[in-house]
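Understanding the architecture of this molecule
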Amino acid sequence: MFLLAEIVLVALFSRAEKPVCQPYGIQEVSQFSKDGDITIGGIFSIHKNPVVVNPTFKVNPGHIICESLNPVVLQDAQTMIFAIEEINNRSDILPNVSLGYKIYDSCRSIPLSIKVSLELMNVHEKGFVTDQSCTKPLTVHAIIGQSSSTITIGIAATVGPFRIPVISHFATCECLSNRREFPSFFRTIPSDYYQSRALAQLVKHFGWTWVGAIRTNNDYGNNGMASFAKEAQQVGICIEYSEAIVRTDPREKFLQIVDVIKQSSSKVIVAFTSYIDFDLLVKELLIQNVTGLQWVGSEAWITDSKLASTEGYKVLGGSIGFAIPNAQIPGLKEFLQNTRPSNIPGNTGLNELWGSTFNCTLSHEKDTVLKPCTGRETLKDINNQYTDVSELRISNNVYKAVYAVAHSLHDLMTCKDGEGPFDNKTCSNEKNIKPWQVLHYLTRVNFTTKSGESVYFDENGDPVARYAIVNWQRNKEGTTKFEVIGLYDASFPEGQQFQMNDISPVWAGEQKTVPKSVCSESCLPGTRKAIEKGKPVCCFVCIPCAEGEFSNTTDAVECAKCPLEYKSNEHRNQCVLKNIEFLSFGESMGKVLVTFSVFGACLTIIISHIFFRYRSTPIVRANNSELSFLLLFSLTLCFLCSLTFIGQPSDWSCMLRHTAFGITFVLCISCVLGKTIVVLMAFRATLPGNNIMKWFGPKQQRLSVLAFTLVQVLICVLWLTISPPFPHKNTTYYKETIILECDVGSPVGFYAVLGYIGFLSAMCFVLAFLARNLPDNFNEAKFITFSMLIFCAVWITFIPAYISSPGKFTVAVEIFAILASSYGLVFCIFTPKCYIILLKPDKNSKKHLMGKMPSKSL
């Protein structure tokens, strides 16, 4: 009972006390601090590595101890202090308001970075009293830091839910642009979204399609290389290997990567790494004398002065990559030289640098071997990484970050009620400014620095991507110089983002020419690339373009087809006009056909002259001289119409050749048919009581010829009206030759013309064959039969020959058929008569012609 009562009393007294607010664990001490009306926090990796502590869960490990001071980052932290002091001394920004700061060292440790970010969010007083409330206002209104993307992700994720702005000066991971995950994150350095794609464009610009890839195994390296690989694939760059490193890897891992580099065929390596991790790999490469490779670097190491030492240049000489544009901060050098160390807790950030620089100690411990510092030491005559202000690329980002916070605070404090951005157009309370209000104004900040640089953030908290393209070159003194050979500005239109200057780059091995790094040599014009199975797209073989195709560019993916009227040349790199083929007057075949055509026309004219001269003789009068003269005229036209088939086809020549051929031949066959009918009717009229000749006299003969010819004329008119013949370029028969020919237009019209000629020819042949055995010497049915037999035989054999003849020989066969059939009619019908008229005039008498001769069969 006594024990229970004691417990109840303790509980009652415990409830009577106010809750005690105490931090869990041990407080981290800031490196630099100063009180002010508004406090800005800072987290920097002033030391490179934390001392590894193996927790036993029995003893509190205390503070995390850091080692390996980084003077460059210490300079960044001092730049933040310099910017704050500069703003406090200005009257145009935040007048009557003093800015304070609390700057912590996270020594590249994620747990320590998160811990100090929590420290910045809470108030810690000396000695914790029992009446202290656990709900206190936040101590900082914005945090500057960090340099590593992975560490910054931890900080931004920790303070993001409290809407405290975090502005990084060197975290470039694309993932930090995600406003859902990091709603309060900003940065004054461009996102790797732009750098990765710009690196791929830079590699493509110099013709490198076969590269190796090295990355830091963290968010910065993995995300950056993933973006680079994606863009590289789109622009035709292949990655031979991709290796990840981190400074905590065993040496065997670095040796393995060195072996991969030595065995690879690529001569260009893209390194998306932090300078600390990359430094370890460079040392191994130097030990094994792996030099002469072209390195392409990200902004994290391309301007690192330690890597650019004499030893590092042996491996990395000629490196090219993107860097943050250099800047000048007036007054910073003097500020750095005038800084002094302090033993006051929370302001001891310079002590280690001071001791190592002057080889003394600020500690009052007597067991140290170093001499005490006198207090008269000064950095004015010291030239080291801390006081060197020649490369302020990153420090300038810290400077801009502080000024971005200051301008947002200034805009917040100059707000007028009724015009504010908050509820009911109100402004914030100057005596109780909330971090989320600073965050609101930070999204709208837009100012110009003393150097004329415009600073603002987009909807993702990112600035405009601007990079300097730097190249490692040695000056006359033998030191490495980061020569700016161009600029990249993502705000410019695509295709104008690169602006190269007139400075010539120096490549790996001190070469003046751009090195080559390809898996396969470029395919010359006239060939195309064919990907080898199982290999990357950059490894290919070159295949010549097929006939009728060409490529006039290097590394063509496919060959383009030449236009129909063109063919590929011998080298398949351009298209040339195809050979044009048609039956011309100038070639041998054309001359021969023209000769026979003109000779035939002349022959008919001579025969016409003979017949006209001897028109009163019995043999001319007995053979229907009127039809004979008309037949000779039509034969002359038949010989001459063959000339229209020679020469380059045109619209008029195509229509003329077929219609002239059809009409003249019908006229010719009509005359022959008329003569045949006259023979038959004449013998019928000799029979007693038969008066048939009165129905087929000269008038009827003329009308029959006219009627037969008009039918063909009507067919031709319809043909020309509906679908006339037209010139056609035949590109299908020969691949390298264009045949100029006449397309018949309407096949029905063409076949109707030929069919009508065939019909009349067949009728004439049948009638002549029936009259072949009629008596009397003036009977010319035998000769007509022979002429029609020749005519039909020529045109029957013409059909397969016409179809199978290629090119201009098709026209030649057609002309040959016209000439052969015309000559057949001339020789069979008129030659025997001319023979009698000229050589046998004794037989050219009425008595001889009227004499009865025994009939002979054919």
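Treat the numbers as computed from the prediction; the structure is a model and nothing was measured. (Residues numbered from 1 in each chain as written. Predicted model: local features only at pLDDT ≥ 70, side-chain atom pairs only at ≥ 80, totals over all residues. Heavy atoms only, no water.)

Structural notes on the overall build of the protein
Scanning the protein from N- to C-terminus turns up 22 helices and 29 strands. When each of the 858 residues of the protein is scored for burial, the buried share is 49%. Contacts spanning at least 24 positions in sequence make up 69% of the contacts within the protein whose residues lie at least 6 apart. Carbon and sulfur atoms provide 58% of the accessible area of the protein, an area that totals close to 42,500 Å². (Helix = DSSP H or I, 4+ residues; strand = E, 2+ residues; numbered from the N terminus. Buried < 20%, exposed > 50% of the residue type's maximum accessible area, 1.4 Å probe, protein only. Contact = heavy atoms within 4.5 Å. Areas by Shrake-Rupley, 256 points an atom, 1.4 Å probe, with all protein chains shown as cover.)

Let's talk about the state of the cysteines
According to the stated counting rule, one finds 10 disulfides in the structure shown. Here cysteine 545 pairs with cysteine 559 through a disulfide, and the sulfurs are 2.0 Å apart. Residues cysteine 545 and cysteine 559 are joined through a disulfide that is left-handed, its torsion about the S-S bond being -80°. Of this pair, cysteine 545 sits in the loop between strand 22 (540-544) and strand 23 (549-550) while cysteine 559 is found in the loop between strand 23 and strand 24 (560-561), placing the two residues 14 residues apart along the sequence. Summarising the burial analysis for this pair, cysteine 545 and cysteine 559 share the class buried. The disulfide partner of cysteine 562 is cysteine 575, and the gap between their sulfur atoms is 1.9 Å. Judged by the sign of its S-S torsion, about -85°, the bond between cysteine 562 and cysteine 575 is left-handed. Residue cysteine 562 is found in the loop between strand 24 and strand 25 (566-568), and its partner cysteine 575 is found in strand 26 (residues 575-577); the two are separated by 13 residues along the sequence. (Disulfide = S-S within 2.5 Å.)

Things to note about the pattern of salt bridges
By the definition in use, this model includes 17 salt bridges. For glutamate 311, the salt bridge is made with lysine 314, and the minimal N-O distance between the two is 3.7 Å. Linking glutamate 311 with lysine 314, this pair stays in helix 9 (residues 310-316), spanning three residues, or about one helical turn. On the basis of relative accessible area, lysine 314 is assigned to the partly exposed category, the value being 46%. Lysine 561 is the salt-bridge partner of glutamate 549, the closest N and O atoms lying 3.4 Å from each other. Of this pair, glutamate 549 sits in strand 23 while lysine 561 sits in strand 24, and the two are 12 residues apart along the sequence. Judged by relative accessible area, glutamate 549 falls into the buried class, the value being 18%. Salt bridges linked by common partners bring Asp279, Lys283 and Lys306 together as one network. (Salt bridge = Lys/Arg side-chain N within 4 Å of Asp/Glu carboxyl O.)

Overview of the side chain of threonine 617
Structurally, the position occupied by threonine 617 is in the loop between helix 14 (588-613) and helix 15 (618-622). From its side chain, threonine 617 meets the backbone oxygen of tyrosine 614 in a polar contact 2.5 Å long. (Polar contact = N/O pair within 3.5 Å; in protein donor to acceptor, adjacent residues only side chain to side chain.)

Let's talk about the packing of aromatic side chains
Going through the model one piece at a time under the given rule, you end up with 28 aromatic pairs. Relative to phenylalanine 335, the ring of phenylalanine 82 lies with its centre 5.4 Å away and its plane at 55°, an arrangement referred to as tilted. Residue phenylalanine 82 is found in helix 2 (residues 71-88), and its partner phenylalanine 335 is found in helix 10 (residues 332-338); the two are separated by 253 residues along the sequence. Classification of phenylalanine 82 by relative accessible area gives buried; the value is 8%. Between phenylalanine 278 and tryptophan 301, the aromatic rings sit 4.5 Å apart at their centres with planes inclined by 45°, giving tilted as the arrangement. A residue pair is termed long-range when its members are at least 10 positions apart, and phenylalanine 278 in helix 8 (residues 275-287) and tryptophan 301 in the loop between strand 12 (294-297) and helix 9 qualify at 23 residues. Overall, the relative accessible area of 0% leaves phenylalanine 278 in the buried class. For tryptophan 301, a relative accessible area of 0% translates into the label buried. Each member of the aromatic cluster is reached from another via a ring pair, and the members are Phe278, Trp295, Trp301, Trp472 and Phe482. (Phe/Tyr/Trp six-rings, centres within 6.5 Å; stacked < 30°, edge-to-face > 60°.)

Overview of the sheet that holds strand 8 (residues 185-187)
The strand order across the open sheet built from six strands is 1-5-2-6-7-8, with neighbouring strands paired in mixed fashion. Every other strand in the sheet has two partners, leaving strand 1 (32-34) and strand 8 as the edge strands with one partner each. Across the sheet, the mean angle from the axis of one strand to that of its neighbour is 25°, orientation sign disregarded. Pairing analysis gives three bridges linking strand 7 (residues 166-168) to strand 8, with the strands arranged parallel. Bridge assignment links serine 168 to a residue of strand 8, and that residue is arginine 187. Along the sheet, helix 2 makes contact with strand 1, strand 2 (38-44), strand 5 (99-105) and strand 6 (142-144), crossing strand 5 at roughly 175°. (Pairing = 2+ DSSP bridges. Axes fitted to C-alpha atoms, helices over the stretch in contact; angles between N-to-C directions.)

Describing the sheet that holds strand 11 (residues 268-272)
Spatially, eight strands are ordered 10-9-11-12-13-18-19-20 in an open sheet, and the strand pairing comes out mixed. Of all the strands in the sheet, just strand 10 (238-245) and strand 20 (498-500) have a single pairing partner and so form its edges. When the angles between neighbouring strand axes are averaged without regard to direction, this sheet yields 25°. Where strand 19 (residues 480-489) lies against strand 20, three bridges are found, and the strand directions are antiparallel. Its bridge partner being in strand 20, tyrosine 488 is matched across the sheet by phenylalanine 498. Packed onto the sheet, helix 6 (residues 219-234) meets strand 9 (210-216), strand 10 and strand 11 and runs at close to 155° relative to strand 9.

Any functional reading would require information that these geometric values do not contain.
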